[in-house]
Amino acid sequence: MTTPVPDASHLVTTDPDVRAGYAQDASGLRLVPDAVARPTSAAEVAELLREASATRTPVTAAGAQTSYVGGSIADRGIVLSLRALDRVLDVDPIAGIVRAEPGAFLGDVKRAAADHGLLLAPDPTSEEESSLGGAIACNSSGARSLKYGATRPHVRALTVVLADGRVIEVRRPALEKNTAGFPLVQDPVDWFVGSEGTLGIVVAAELQLLPLPTSVTGLGIPFRTAAAALGFIAAARSARDHGDAGVAPRCLEYLDPKTFAIARDFVGGNWAAGGDAYAYVEEEAFRDDAVDLDAWLALAEGHAALADDIQVFEGEQSLRDARRMRHAVPATLNERAMRWRDAGGRKVSTDWAVPYLRLHEALVAADAIAAEFGVETAGTFGHAGNGHPHQHFHARDRAELARIEQAVEATLRHVVSMGGTVSAEHGIGKLKRQWLALQLTPSQQGMMRAIKHELDPLGILAPGNVFL
Ligand SMILES: Cc1cc2nc3c(=O)[nH]c(=O)nc-3n(C[C@H](O)[C@H](O)[C@H](O)COP(=O)(O)OP(=O)(O)OC[C@H]3O[C@@H](n4cnc5c(N)ncnc54)[C@H](O)[C@@H]3O)c2cc1C
């Protein structure tokens, strides 16, 4: 035991097996906490925080622990699991709003909305295995963020337990004009969305719902080269933005040669044998509108797609199959990395972004940088329509891990010089905090520290996340 554990003993356990059960997420790190708390109500979360504050015990929130950056694990204090607060509280179909607790799986909240003909838009690939609270705390996004944005714009109100145990409700102002105070303070909902457990514990949330589309069409388009696939994706995004070429994608996804090979293995057979990269697009139709398949075909053929091997996904089951195929990519890469763990290796995944028209150029540069450090990716894929790839590396031992981290840092420096970001959706957590300063000026970091100090003056919430 390295830190005192508060006396809310009915909420906290120091059982070694339980602590070990909360020591890992999808980052590849392993950090064993001093204790674990599994409250079943917001009142218990508040009680725990009050006591933690009195004893200055660190508290790190955990949802379903799928963080790629070590956000939900800690080697000090308490890991506070929100999984037992898992109710979808209600759906108001007239106001188009869902209210739910943070431990609910995102997929369950989405289904509750869909039962009323409504869409909860945020769609991380992990939606069936990650929590609503995690999505809010990470401002998670997904393929459809191309059309709907990340989680932030969909959050209307939050109930938050602050570090000292006070419970507050923050709600977006229903104002069309407001010049009172700095923009930074006008909407406190924005403080908590994306704050990675460092500013408060979300114990309930209200989210805006949208109309469900009448139908969705997915197209899986193989290309002979990565350059052709990325050229197609950039053209489709530009066409959508300018309202021409008859296409209106809600997502524009990319698989490079290595990740396309994983997807092809998942599908099986000899499909798209001449292909070396892949684009996946979806377009929605509402009421009597229809997706213009001919427009998509013309755009794909204009970029030398393997037209005979294009897959068309229509209907719920077929679209679910397409999603499973794409989900197989990160799941397989994560699984393959496990074998290097004993030798001190692990998976390193980065998720940077650049302005979408520069993605191909950035990926070519990233490969060259990796080669300079004597490493190569295990696969690159992602939300190319937003200029946002995931580069996965597999470090086989500590020495290779060090070279990969140098390559990642050099890549992030380059990405930032192109107007990009060091983290597009996974957050900063513990793994990327040393790289935040590549992007944010000292003033910007100082503003973040000021907000942190105002809300958590003792610094007990999620120490090690985001801040060095
Ligand atoms: C296979 C796979 C695919 C993925 N795909 C995507 C993707 O497409 N898009 C994407 O954005 N991410 C993706 N992720 C990353 C991850 O799933 C998301 O960030 C997810 O939203 C995290 O939710 P979680 O419940 O697992 O949160 P956790 O991992 O438990 O926690 C994440 C962070 O949120 C904080 N937190 C959790 N709950 C609360 C709360 N109630 N109050 C305050 N802070 C809280 C934690 O302290 C931590 O900092 C993927 C991960 C995997 C393993």
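Structure first, text after, so check above.
Here the focus is the pattern of salt bridges. One pass over the structure, following the stated rule, counts 29 salt bridges. A salt bridge links R87 to E101; the shortest N-O distance between them is 2.8 Å. Taken together, the residues span a long stretch of sequence, with R87 in the loop between strand 4 (78-81) and strand 5 (88-92) and E101 in the loop between strand 6 (97-100) and helix 3 (106-114) at a distance of 14 residues. A salt bridge links E284 to R250; the nearest nitrogen and oxygen atoms lie 2.6 Å apart. In this pair, E284 sits in strand 14 (residues 277-285) while R250 sits in strand 13 (residues 249-255), placing the two residues 34 residues apart along the sequence. We classify E284 as buried; its relative accessible area is 9%. Assessed through its relative accessible area of 5%, R250 is described here as buried. Each member of the salt-bridge network shares a partner with another, and the members are D123, R144, K147, R250, E282 and E284.

With that out of the way, let us pick up the sheet that holds strand 4. Taken in spatial order, the four strands of this open sheet run 1-2-4-3, and their pairing is mixed. Taken across any chain shown, the strands that pair with only one partner, and hence form the sheet edges, are strand 1 (12-13) and strand 3 (59-62). Relative to strand 4, helix 2 (residues 42-55) is tilted by about 165 degrees, and along the sheet it contacts strand 1, strand 2 (35-37), strand 3 and strand 4.

In this structure, P211 sits in strand 11 (residues 210-211). With a relative accessible area of 51%, P211 lands in the exposed category. Setting aside residues up to four positions removed in sequence, P211 forms contacts with G117, L118, L119 and F286.

A few words on the site of the ligand. Around the ligand, the surrounding shell holds 35 residues, and the nearest of these are A61, T66, S126, S131 and S141. Within the backbone of S141, one N or O atom sits 2.6 Å away from a nitrogen atom of the ligand. Here the ligand loses 97% of its free accessible area of 980 Å² to cover by the protein chains. Those elements giving two or more residues to the shell around the ligand turn out to be strand 3, helix 4 (132-138) and strand 10 (201-208). Ranked by the residues each element gives to the shell around the ligand, the list is headed by helix 4, at five residues.

Quick look at the nonpolar core now. Core analysis: the largest hydrophobic core is formed by 51 residues, its most contacted members being I221, F223, F232, Y254, W296 and W352. Among the elements of the structure, strand 12 (215-223), helix 8 (226-242), strand 13, strand 14, helix 10 (293-301), helix 12 (359-372), strand 18 (388-395) and helix 13 (398-417) are those that each provide at least two residues to this core. Ranked by the residues each element gives to this core, the list is headed by helix 8, at seven residues. Excluding anything up to four places from it in sequence, W296 contacts L219, F232, A236, V247, A248, P249, L252, V281, E283 and V291.

Here the structure, examined in full by the defined rule, presents seven aromatic pairs. Here the basic side chain of R83 rests over the ring of F105, its NZ or CZ set 4.2 Å away from the ring centre. Just above the ring of F260 sits the side chain of R264; from NZ or CZ to the centre is 4.7 Å.

A word on helix 9 (residues 257-267). Among the residues of helix 9, T259, F260, I262 and A263 are the ones counted as buried. Along the axis of helix 9, the buried residues cluster in a sector spanning 155 degrees; they form a single face. On its buried face, helix 9 is in contact with strand 12, strand 13, strand 14, helix 11 (316-337) and strand 17 (379-383). G268 lies just past helix 9 and shows a positive phi near 80 degrees.

This next bit is on helix 8. With 17 residues, helix 8 extends 24 Å from end C-alpha to end C-alpha; this agrees with the ideal 24 Å at 1.5 Å per step. Buried residues in helix 8 make contact with helix 5 (145-148), strand 12, strand 13, strand 14, helix 10 and helix 12. Where helix 8 ends, the next residue or the one after it, G243, has phi of about 65 degrees, a positive value.

Next up on the list: the environment of V109. Topologically, V109 is positioned in helix 3. For the pair V109 and R87, spaced 22 residues apart in sequence, the C-alpha to C-alpha distance is 8.8 Å.

Here we take up the side chain of E196. Its location among the elements puts E196 in the loop between helix 7 (189-192) and strand 10. Among the polar contacts made by the side chain of E196, one reaches the main-chain amide nitrogen of G429 at a distance of 2.6 Å. If we ignore the near neighbours within four places in the chain, the residues touching E196 are V69, A137, G427, I428, G429, A462, N465 and V466.

As a general point, the strands of a sheet are linked pairwise by backbone hydrogen bonds and lie either parallel or antiparallel. Across the sheet, which stays open at both edges, the five strands sit in the order 5-6-10-8-9 with antiparallel pairing between neighbours. Edge positions in the open sheet fall to strand 5 and strand 9 (167-171), since each of these has one partner strand only. Here the average twist between neighbouring strands, direction ignored, is 10 degrees. As defined by bridge partners, strand 8 (residues 155-161) adjoins strand 10 across six bridges and the pair is classed as antiparallel. From the neighbouring strand, L158 faces strand 10, where its bridge partner is A205. In the packing of helix 3 onto the sheet, contacts are made with strand 5 and strand 6, and the angle to strand 5 comes to roughly 30 degrees.

About the criteria used
- Residues numbered from 1 in each chain as written.
- Predicted model: local features only at pLDDT ≥ 70, side-chain atom pairs only at ≥ 80, totals over all residues.
- Heavy atoms only, no water.
- Salt bridge = Lys/Arg side-chain N within 4 Å of Asp/Glu carboxyl O.
- Helix = DSSP H or I, 4+ residues; strand = E, 2+ residues; numbered from the N terminus.
- Buried < 20%, exposed > 50% of the residue type's maximum accessible area, 1.4 Å probe, protein only.
- Pairing = 2+ DSSP bridges.
- Contact = heavy atoms within 4.5 Å.
- Axes fitted to C-alpha atoms, helices over the stretch in contact; angles between N-to-C directions.
- Near = heavy atom within 4 Å.
- Polar contact = N/O pair within 3.5 Å; in protein donor to acceptor, adjacent residues only side chain to side chain.
- Areas by Shrake-Rupley, 256 points an atom, 1.4 Å probe, with all protein chains shown as cover.
- Core = buried A, V, L, I, M, F, W, Y, C linked by side-chain atoms within 4.5 Å.
- Phe/Tyr/Trp six-rings, centres within 6.5 Å; stacked < 30°, edge-to-face > 60°.
- Lys NZ or Arg CZ within 6 Å of the ring centre and 35° of its normal.
- Arc of directions from axis to C-beta.
- Expected span 1.5 Å × (residues − 1).

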